[in-house]
Structures are given as C-alpha cells and as structure tokens.
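Residue-level structural notes
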Amino acid sequence: MNVNTITSHPYTDQRPGTSGLRKKVSVFRKPHYLENFVQAVFNTLEEMAGMTLVLGGDGRYYNREAIQIILRIAAANGVGRVLVGRGGLLSTPAASCIIRKYGAQGGIILSASHNPGGPEGDFGIKYNTANGGPAPEKLTEAIYAETLRIDRYRITDPHHVELDTLGEQHLGEMAIEIIDPVADYADLMANLFDFHAIRQLFDSGRFRMRFDAMHAVTGPYAKEILEHRLGAEPGTVMNGEPLADFGRGHPDPNLTYARDLVDILWGCSSPDFGAASDGDGDRNMILGARFFVTPSDSLAILAANAHLVPGYRQGIRGIARSMPTSQAADRVAEALGVPCYETPTGWKFFGNLLDAKRITLCGEESFGTGSDHVREKDGLWAVLFWLNLVAAKRQSVEEIVRAHWQRYGRNVYSRHDYEGVDAEAANGVIDDLRAALPDLVGRQYGDYRVALADDFAYVDPIDESVSESQGLRIIFEDGSRLVFRLSGTGTQGATLRLYVERYEPDTTRHGIDTQEALADLIAIADELTHFRRRLGREAPTVIT
Ligand code: G1P
Ligand code: ZN
C-alpha cells in the first residue's frame, strides 16, 4: 500500500454546526475539501494507531464516493479496523449502537439528516466518539481549528473497496469489515421493547399502521423490524427504498414534508398509527388517525409511561430536554420525583448527562427522542416505544395523549420556521432583540407580563463547560414562553425559528386549535421584533 502526502490549503468554512459539517455537495467536491476535514478529525484525535472506526451514511448522493475516500485516508493514518455498513449505509442511531456494541473508538457518519440530497442537495459529515454520541463542542472546535491550519493530508493510492458484500477485506494493514447495517440495531430494539405484545397487536387484525421511510435510510430497518420481526402486513413501510436524492423529496418527518403519510392518516380509511423518520433515521413523527403528536408531548408521554416498556421497567433516572422544547416533560419529571435538565439545542449536549447516568430519556421539539440505549436520537426507537404503549395500554394514540393532558395539563406548543431568509436581516432581528432584552422584564403585553428575558447559556453540570448564545427567550409570569433562534444546520441563507408555548390547565379547553391558542403570543413576538416585515415574510415556511 502506497501512502501519499498531498499538499493542500485550508478552507475557512469547515466549522461544524448543530450536528456536524453540512454543505452543498458541490462544496464537498471542491479539491481537498472532504480530505482536509477528515484529516483534521484524525489530527485532532489523541490515539489513532490501531483504532477501530465505524463508518456509514444515509445513502444520499456522494455517500459511496466519500466512503471510498475516507477509507483511503483512514488506512494512510494508521486506523486498524473499520466497520462499514453494507452499501455504505448506517442510520445515525445504528452507527451509535454499533460503536458502543463493538467498543469502537469512534465513528464517521455521513449525513445531512433531513436536508434534501442529490447533486444539487446537501451532504454532511460528523464525528462520533467512543460513547457513540456526537463529538462534544470542545472536540468540534478543535477539529475546526485544525481545518484552519491544515496544509496536507495522507491518503493511499486509489483503491476500490467492495461495499456490497459482507465480510472482511484489507487496505494495506487496515481491516475493513462490511457488516449488516440492520441486525445489531434490530437486536437492540428487541431487547428493549415487548415485541411479543406488539406482534399480537398486528396479528389481531384490528391494528394497522403505515411507516414512511421517505426514501431515506430507515427503509431497510423498518422493513426488517416492523414487517419481518413484528409481523406488520407487507406494505406497512412506504417509500422504503433508500434513494440518493430521496425521490426528490425533503426527508424531514413533519406535517409539511411527510405529506403522503399525512394524507393517508387524515383519509377516510385511515390506519390507526402513522410514523415517519428522516434522512438518517434519528427523527420521528408520530400520528394517530387524524391526530398529530407534538414531539414535546411525545417526550413527556414516553417518560410518564416508561414503566410499561421492558427496557425501562425499573423506572427512569431523569429527563433532559433542549431549551426550546416545551415544558411538558418537566411536569412528568416533577411527578416522578426525578430531575429534568434544560440543555441547548443539539443532541451533543445530552451525552454527558447520559454517560453520568443522570438521565434515561431525552428529547427535542424537532422530532427527536431518545434514551440511554445509544447516544443519538432514534427515530424507530420512538416508533417502537409508542407501539409498545398502544399494545400495553390498549388505547389509541389520541386517547393516550388526551389522558396525559387530562392528568398533567396541556403545554400548547408550536414552532414556526422561516426558512431560507436573508442572513443579514435574520441576524439583525436577533441582534436587536438581544440588545432589547434587559428592558423587557416587567413589561406587560396583553395578558402577559415578562418575568425573564435572556440569551440562554448553559453550564454543563458534568464537565462545567459553558455554551453561550443558545437562543433568546422571553418567559412570561405564567410560564408561557417565546424563543427566537437561528438554525445551525441550514446551508442556504438563514432560518429563523420562533418557538411558542403556553400552559393550559383547563381540560375543557384542551381541544382548542394550537395556532388559535397561541395567536396572541405570536402577535407579541411580532410586536417585539417586527420580524415578519424585516424578513419580508408574511407567514412561516413550516409550522410544527
Ligand atoms: C435542528 C433542530 C435541533 C436538532 C438539529 C439536528 O437544529 O432544531 O433540535 O438537534 O436540527 O437534528 P437547528 O437547525 O435548529 O440548529
Ligand atoms: Zn437526522
């Protein structure tokens, strides 16, 4: 094996965002762009020699080419062994599971999650550490610093690795093992959930579901688990073939982009249960017949009912949610007598709490839910958790949610996304609001008086690292909230997110339409910032 040292020059735009480095495919294809980043990752790791690495991606355009390049760089840098998902596929949670199960030192996951793919679409890469979770900020910042000074990388001569055949190959000294991307993950799920009860539910003939894999990575996982192991009828999984451009879709499981599924669940012979996952399989959307489960509610409901699931029968240690996620989970934590942590947006902030065994469940409003079984959010895991609850409680999705509101009250919640807006205008809205925050406390807006207004900062309780500027929050005296944040995952212009929450204890008002219930708070958000005029947008692109 011949190792070449290639002279390169730094790119200044390789700072990882909320979840790794995401750019247009055309950017990743610039000379040395991917190579630089991968070499920067290797330069930053302390122990490289002989390490075991996990490698795979969501199958989007450029996945296979990138894997070939990464394998050559890994071999040239002394990596001992790489476990690669067959076909270059690994869902994000499966990659996390495999890193942990085989004691790998880390993993490289190729995905831009829910962003569209294809030659004109996005690509992404992120590094996960030995616990199976996304690299913490300290490491991503060190990688970024390295990308700014990198001037060479090591790579073997061209070599073609056969990605579609299970088994071991070699590239010089480095072993490459092509593994089944689904089996280990499916086994883990079978250990956590009551597969017997879920199978009975399907066998009864009185329960039907549809799972929309959105032509992304979860197709093979969902077919194996739902249709083969659990006996759901063939065809339960729709759009199950992973495609490089996701069938020209936007693989984000929400009411806007998972339209096919939504139409089926709101149609006349609706199945009882609907679910979807995103590009890399870490997000989930849960639907009942003509009923949408708000992701923040989903986290709270899973926590409140965890004792019904074999893997969590002993109870949960605590819950964590990202700051903009609704406070529904806080109420459950209080009732259970366990702590509830509030972290910045992004899964990487849950890792320390999970490793330190402070929490068992965690989640975000952005269709992300997970637990200590891996160190990523996990789409199919959430779907199986819900199926387990439906089987154990013998209630429909809607009945489970309404019973939960009855007991805990309802945290009425919505997120409004203004996608692809002018970055300067969006930064202006945020900067001006940040400057105005100190004067807001005590001011009255309609029925609401401001109790607290700040730019959210987080001190990690385990390693005491500080993360600042994580979103502007305006909290009113009754606990209602407005949060403004700029997305850290987009690749075009800026995306402004407005998160709105109001607590409704009155059960007679729980049927109220979400947007109607939040209308006056949304009007206050505009009154405070005039963001609609400044962004030149009448309405959000996506409402969740
Ligand atoms: C978005 C979500 C965030 C999630 C991330 C990765 O990040 O809001 O909760 O962790 O995607 O899936 P954002 O674009 O808001 O930075
Ligand atoms: Zn994702």
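Now for a look at the structure at hand.

Notes on unusual backbone geometry
Backbone geometry places Ser-113, a non-glycine residue, at a positive phi of 50°. Residue placement: Ser-113 occurs in the loop between β5 (106–110) and β6 (122–129). Its identity is not glycine, yet Arg-290 carries a phi of approximately 50°, on the positive side. The residue Arg-290 is located in the loop between β13 (284–288) and β14 (291–292) in this model.

Structural notes on the sheet that holds β14
Pairing is mixed across the open sheet formed by five strands, whose spatial order is β11-β10-β12-β13-β14. With one partner strand each, in any of the chains shown, β11 (237–238) and β14 form the two edges of the open sheet. Pairing between β13 and β14: two bridges, direction antiparallel. Counterpart to Leu-287 in the pairing with β14 is Phe-292.

Examining the site of ligand 1
Not every one of the 13 residues close to ligand 1 is listed here, only the nearest: Ser-366, Ser-487, Gly-488, Thr-489 and Arg-497. Arg-485 places a polar side-chain atom, nitrogen or oxygen, 2.6 Å from an oxygen atom of ligand 1. The side chain of Arg-497 places a nitrogen or oxygen atom 2.6 Å from an oxygen atom of ligand 1. Against a free-state accessible area of 380 Å², the protein chains account for coverage of 99% of ligand 1.

Some points on the coordination of the zinc ion (ligand 2)
Donor atoms from the polypeptide that coordinate the zinc ion (ligand 2) comprise Ser-113 (OG), Asp-278 (OD), Asp-280 (OD) and Asp-282 (OD), at 2.0 to 2.1 Å from the metal. What the four donor atoms of the zinc ion (ligand 2) show is an angle range of 85 to 164° at the metal, which sorts the shape as irregular. The motif formed by the donor residues of the zinc ion (ligand 2), counted along the single chain, is S-x164-D-x1-D-x1-D. Grouping residues by exposure puts Asp-278 and Asp-282 together as buried.

Quick word on the sheet that holds strand β4 (residues 81–89)
Pairing is mixed across the open sheet formed by seven strands, whose spatial order is β2-β6-β5-β3-β4-β9-β8. If you trace the sheet from one side to the other, it starts and ends with β2 (21–24) and β8 (167–171), each paired once. The sheet shows a mean angle of 20° between the axes of neighbouring strands, direction not considered.

What about the side chain of Glu-365?
Looking at where Glu-365 falls in the secondary structure, it is placed in the loop between β17 (361–364) and β18 (368–371). Within polar-contact distance, the side chain of Glu-365 engages the side chain of Arg-415 at 3.0 Å. Residues contacting Glu-365, with those up to four places away along its chain left out, are Pro-295, Ser-296, Ser-322, Pro-324, Thr-325, Tyr-413, Arg-415 and Tyr-499.

Regarding the environment of Tyr-33
Relative to the helices and strands, Tyr-33 is located in helix α2 (residues 33–44). For the pair formed by Tyr-33 and Ser-8, sequence separation is 25 residues and the distance between their alpha carbons is 9.1 Å. Beyond its immediate chain neighbours, meaning those up to four positions away, Tyr-33 contacts Tyr-11, Asp-13, Gln-14, Leu-21, Lys-23, Val-27 and Phe-28.

Comments concerning the nonpolar core
Ranked by internal contacts, the top residues of the largest apolar core, which has 75 residues, are Phe-273 and Trp-381. At 11 residues, the largest contribution of residues to this core is made by helix α13 (residues 379–393).

Description of the pairing of β13
Among the five residues in β13, five count as buried, and that is most of the element. Burial along β13 is two-sided: the residues Asn-284, Ile-286 and Gly-288 and Met-285 and Leu-287 are all buried. Pairing between strand β12 (residues 273–277) and β13: five bridges, direction antiparallel. Looking across to β13, one finds that Ala-275 is bridged to Ile-286. Between the antiparallel neighbours β13 and β14 lie two residues, among them Arg-290 with a positive phi of about 50°.

A look at the environment of Met-323
On the secondary structure map, Met-323 appears in the loop between β15 (319–322) and α11 (328–336). Put simply, Met-323 and Phe-456 are 133 residues apart on the chain and 8.1 Å apart in space, counted from C-alpha to C-alpha.

What to know about the environment of Ala-222
In this fold, Ala-222 is placed in helix α8 (residues 218–229). Each C-alpha atom, one on Ala-222 and one on Asp-122, is 24 Å from the other, the two residues being 100 residues apart in sequence. Look past the residues within four positions of Ala-222 in its chain and what remains in contact with it is Phe-211, Glu-227, Val-237 and Leu-380.

A look at helix α6 (residues 183–192)
Since the α-helix advances by 3.6 residues per turn, residues separated by three or four positions end up pointing in the same direction. Taken as a whole, α6 has its buried residues at Asp-184, Tyr-185, Ala-186, Leu-188, Met-189 and Leu-192. Buried residues along α6 sit against α4 (92–101), α7 (195–203), α8 and α13.

So, the packing of α4 against α6
Packing of α4 against α6 leaves a shortest axis separation of 9 Å and a crossing angle of 85°. Between α4 and α6, the angle is such that the two are roughly perpendicular. Between α4 and α6, the residues in contact are Pro-93, Ala-94, Cys-97, Ile-98 and Lys-101 and Asp-184, Tyr-185, Asp-187 and Leu-188, respectively. Of the residues belonging to the contact of α4 with α6, the class tally is six nonpolar, no polar and three charged.

Observations concerning the pattern of salt bridges
Scanning all chains against the criterion turns up 37 salt bridges. Across the pair Lys-101 and Asp-184 runs a salt bridge whose closest N-O atoms are separated by 2.8 Å. In this pair, Lys-101 is assigned in helix α4 and Asp-184 in helix α6, connecting sequence segments 83 residues apart. What makes Lys-101 partly exposed here is its relative accessible area of 45%.

Digging into the side chain of Asn-115
Among the structural elements, Asn-115 can be located in the loop between β5 and β6. For Asn-115, a relative accessible area of 7% corresponds to the buried category. Residues contacting Asn-115, with those up to four places away along its chain left out, are Arg-22, Arg-60, Asp-122, Phe-246, Pro-251, Thr-489 and Thr-491.

Rules of the game
Residues numbered from 1 in each chain as written. Chains lettered and ligands numbered in written order. Predicted model: local features only at pLDDT ≥ 70, side-chain atom pairs only at ≥ 80, totals over all residues. Heavy atoms only, no water. Helix = DSSP H or I, 4+ residues; strand = E, 2+ residues; numbered from the N terminus. Pairing = 2+ DSSP bridges. Near = heavy atom within 4 Å. Polar contact = N/O pair within 3.5 Å; in protein donor to acceptor, adjacent residues only side chain to side chain. Areas by Shrake-Rupley, 256 points an atom, 1.4 Å probe, with all protein chains shown as cover. Donors = N, O, S within 2.8 Å, 3.2 Å for Na, K, Ca; no water. Tetrahedral: all angles 85-135°; square planar, octahedral: opposite > 155°, others 65-115°. Buried < 20%, exposed > 50% of the residue type's maximum accessible area, 1.4 Å probe, protein only. Axes fitted to C-alpha atoms, helices over the stretch in contact; angles between N-to-C directions. Contact = heavy atoms within 4.5 Å. Core = buried A, V, L, I, M, F, W, Y, C linked by side-chain atoms within 4.5 Å. Parallel < 35°, antiparallel > 145°, perpendicular 65-115°, else oblique. Nonpolar A, V, L, I, M, F, W, Y, C, P; charged D, E, K, R; others polar. Salt bridge = Lys/Arg side-chain N within 4 Å of Asp/Glu carboxyl O.

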